[in-house]
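# Coordinates in review
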Amino acid sequence: MTKALEGVRVLDMTHVQSGPSATQILAWLGADVVKVEAPTGDITRKQLRDLPDVDSLYFTMLNSNKRSVTLNTKTERGKEILTELIRRSDVMVENFAPGAVDRMGFTWDRIQEINPRIVYASIKGFGEGPYTNFKAYEVVAQAMGGSMATTGFEDGPPLATGAQIGDSGTGMHAVAGILAALFQRTHTGRGQRVNVAMQHAVLNLCRVKLRDQQRLAHGPLAEFPNEDFGDEVPRSGNASGGGQPGWAVRCAPGGPNDYVYVIVQPVGWQPITELIGRPELADDPEWATPEARLPKLGKMFQLIEEWTSTLPKWEVLERLNSHNIPCGPILSTKEIIEDASLAANEIVVKVEHPERGSYVTVGNPLKLSDSPVEVTSSPLLGEHNEEIYLGELGLSGAELPLLKAQGVI
């Protein structure tokens, strides 16, 4: 069976997380992704190692299904080889500092001259303006994209989210732009630039907070548990922030992840009152309607927690689901990595690595009926030099060791 992006060659000049997360998705969708690394390799090969002299999990979990070549693009011969790689590619992706690729001699105009059909995607920290040259990291993007200001509890500091919305979130946005550009090329025959900024991607994921910022002009946000409102959207703990109130309630035996997140819909109030042993609240005018409950969200979830704290989270989950009440247990990373259903859905997968052995990684979250995915190991550094340089670019067997000795590959 063919893959969705079969026949598409991606020149992957990315490193760390935001870029590799994007090109890994493209590889899973069937593209031939050639990762171009400096002779020293992507920095994450050596970061956060758990085993000596073996590619780190940081690297392996972001570079599955790719091929790797080494290339020193600062050398003249390296630039010539890069030119040939660009000529043979459909997509080029990079996440260097602003202007770095231009300084290599590969401006967008030059890249278009080499290959007018190429889609050239750049991931940067920020758009054009005063922040352009700021160094961008995951949590910096969260800080400047609206996430940290609105994450945490009212009386506490701003918090980063565990989800990598700055890096991998931007990578997913880049994938959307690349696929759109490839589709447009089928009509125009031309490639184009795709630019995605980490700050912009985080803000896109935080759009509901800008919704709430504008709603503040008309008064307090009733669905928030906060008592006081200023002129900025406050941190509101675990409040859902949506049309239906929600909260994480503690369960037995009281461990760090013994919680269930519960959402109280109007239709769910009556069965909840039965479950918590307070059936009289179903018809009590002080509690019976969403409007009556909104000013007392803290007390409402306290009543629910008095019940949930006596039961394990899986039993709470079972009882709530039996009444079709939206809820979900807080799953720890250990529970997720051991979850049989996630393994069955191939979203938690085991991969064999030639040096590391077996490791667990996250599989492809995009399920296409006609484009199945088998997650394969990340490549060793320069593993495909001969395959690509000799077999595809036509370099001579005698030149390859010479290029290595000269530091070109």
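Bear in mind that the values here come from a model prediction, so they are computed numbers and not experimental data.

## Here's the deal with the overall build of the protein
Regarding its fold elements, the protein presents 17 helices and eleven strands. Dimensions of the protein along its principal axes, counting C-alpha atoms only, are 85 × 45 × 40 Å. Looking at the protein as a whole, 46% of its 409 residues are labelled buried. A sequence separation of at least 24 residues applies to 65% of the contacts in the protein between residues at least 6 apart.

## Things to note about the pattern of salt bridges
In this structure the tally under the stated criterion is 24 salt bridges. Among the salt bridges present, the one from Lys334 reaches Glu338, with a minimum N-O distance of 3.1 Å. In this structure, Lys334 and Glu338 share a single accessibility class: exposed. Linked by salt bridges that have partners in common, Arg9, Asp32, Arg67, Glu387 and Glu392 make up one network.

## Comments concerning the nonpolar core
Within the largest apolar cluster, 32 residues are counted, with the highest numbers of intra-cluster contacts made by Val8, Val10, Leu26, Ala31, Val91 and Ile178. Elements supplying a minimum of two residues to this core: helix 1 (18-28), strand 4 (91-94), strand 5 (119-124), helix 7 (168-188), strand 6 (193-197), helix 8 (198-205) and strand 10 (348-353). Apart from the residues lying within four places of it in its own chain, the contact partners of Val8 are Ala31, Asp32, Asp90, Val91 and Leu182.

## Concerning unusual backbone geometry
Along the chain, Ala252 connects to Pro253 via a cis peptide bond; the corresponding omega equals 5°. With respect to the secondary-structure elements, Pro253 resides in the loop between strand 7 (246-250) and strand 8 (259-263). Phi angles above zero are rare outside glycine, and Asn65 is one such case at about 65°. Along the chain, Asn65 turns up in the loop between helix 2 (57-60) and strand 3 (67-70).

## Section: the side chain of Thr83
Topologically, Thr83 is positioned in helix 3 (residues 76-87). Residue class for Thr83 comes out buried when judged on its relative accessible area of 12%. Look past the residues within four positions of Thr83 in its chain and what remains in contact with it is Phe106, Arg110 and Ile114.

## Here's the deal with the environment of Gly169
Here Gly169 lies in helix 7. Assessed through its relative accessible area of 13%, Gly169 is described here as buried. The spatial distance from the C-alpha of Gly169 to the C-alpha of Met92 is 19 Å, given a sequence separation of 77 residues. Excluding its chain neighbours within four sequence positions, the residues that come into contact with Gly169 are Gln164 and Ala201.

Here is what the cut-offs are and how they apply
Residues numbered from 1 in each chain as written. Predicted model: local features only at pLDDT ≥ 70, side-chain atom pairs only at ≥ 80, totals over all residues. Heavy atoms only, no water. Helix = DSSP H or I, 4+ residues; strand = E, 2+ residues; numbered from the N terminus. Buried < 20%, exposed > 50% of the residue type's maximum accessible area, 1.4 Å probe, protein only. Contact = heavy atoms within 4.5 Å. Salt bridge = Lys/Arg side-chain N within 4 Å of Asp/Glu carboxyl O. Core = buried A, V, L, I, M, F, W, Y, C linked by side-chain atoms within 4.5 Å.

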